[in-house]
Amino acid sequence: MSAYLIIQATVHDWEKFTVYTQIVPPLIKKFGGEYIAMGAPELIEGESAPKSLVISQWPNTQAAHAFWDSAEYAAAKKHREGAGQFNIMLIDGMTQTPLE
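I will try to describe carefully the structure that is included in this document. Please read all numbers here as calculations on a predicted model, not as lab measurements. (Residues numbered from 1 in each chain as written. Predicted model: local features only at pLDDT ≥ 70, side-chain atom pairs only at ≥ 80, totals over all residues. Heavy atoms only, no water.)

## A closer look at the overall build of the protein chain
- Along the protein chain, the regular secondary structure elements total three helices and four strands.
- Ordering the α and β elements of the protein chain from the N terminus gives β-α-β-β-α-α-β.
- Its C-alpha atoms put the protein chain at 45 × 35 × 15 Å along the principal axes.
- Counting all 100 residues of the protein chain, 27% fall into the buried class. (Helix = DSSP H or I, 4+ residues; strand = E, 2+ residues; numbered from the N terminus. Buried < 20%, exposed > 50% of the residue type's maximum accessible area, 1.4 Å probe, protein only.)

Spelled out as structure tokens, the structure:
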């Protein structure tokens, strides 16, 4: 079952964060993930939206954790530290269509 890594980001230091954005995409591909959405979300309802939202799809939660827990990503993540605020979530895809 597919899994989705969802990142809400507000970047304050783009100069520092740019290094991270150059290192991470090849790692995501290496571990079997792919970006499916990225950018500033349009707030349709509610109080606030993050400045940026990134969604990547993974074959399963194990693949997402293999990426997240890897030594390669740990090294890349150091370039993100102090560059902004980040909320990271992982969720399983649906196994069936919900009942109507």
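## Here's the deal with the environment of Thr21
- One can find Thr21 in helix α1 (residues 14–30).
- For the pair Thr21 and Ala76, spaced 55 residues apart in sequence, the C-alpha separation works out to 9.0 Å.

## Quick look at the sheet that holds strand β1 (residues 3–11)
- On the basis of which strands lie adjacent, the open sheet formed by four strands has the order β2-β3-β1-β4 and antiparallel pairing. Taken across any chain shown, the strands that pair with only one partner, and hence form the sheet edges, are β2 (34–39) and β4 (84–92). Going across the sheet, the axis of each strand differs from the next one's by a mean of 15°, ignoring polarity.
- Relative to strand β3 (residues 52–58), β1 runs antiparallel, the two being bridged by seven bridges. Bridge pairing in β3 places Ala3 opposite Trp58.
- α1 contacts β1, β2, β3 and β4 of the sheet and is inclined by roughly 155° relative to β2.
- Here helix α2 (residues 61–68) sits on the sheet and contacts β1, β3 and β4; the angle it forms with β4, its principal contact strand, is near 150°. (Pairing = 2+ DSSP bridges. Axes fitted to C-alpha atoms, helices over the stretch in contact; angles between N-to-C directions. Contact = heavy atoms within 4.5 Å.)

## Details of the pattern of salt bridges
- Evaluated as defined, the whole model comprises one salt bridge.
- For the salt bridge of Glu72 with Lys30, the shortest nitrogen-to-oxygen distance reads 2.6 Å. Here Glu72 is found in helix α3 (residues 71–77), whereas its partner Lys30 is found in helix α1, with 42 residues between them in sequence.
- For Glu72, a relative accessible area of 32% translates into the label partly exposed.
- Residue Lys30 is classed as exposed on the basis of its relative accessible area of 55%. (Salt bridge = Lys/Arg side-chain N within 4 Å of Asp/Glu carboxyl O.)

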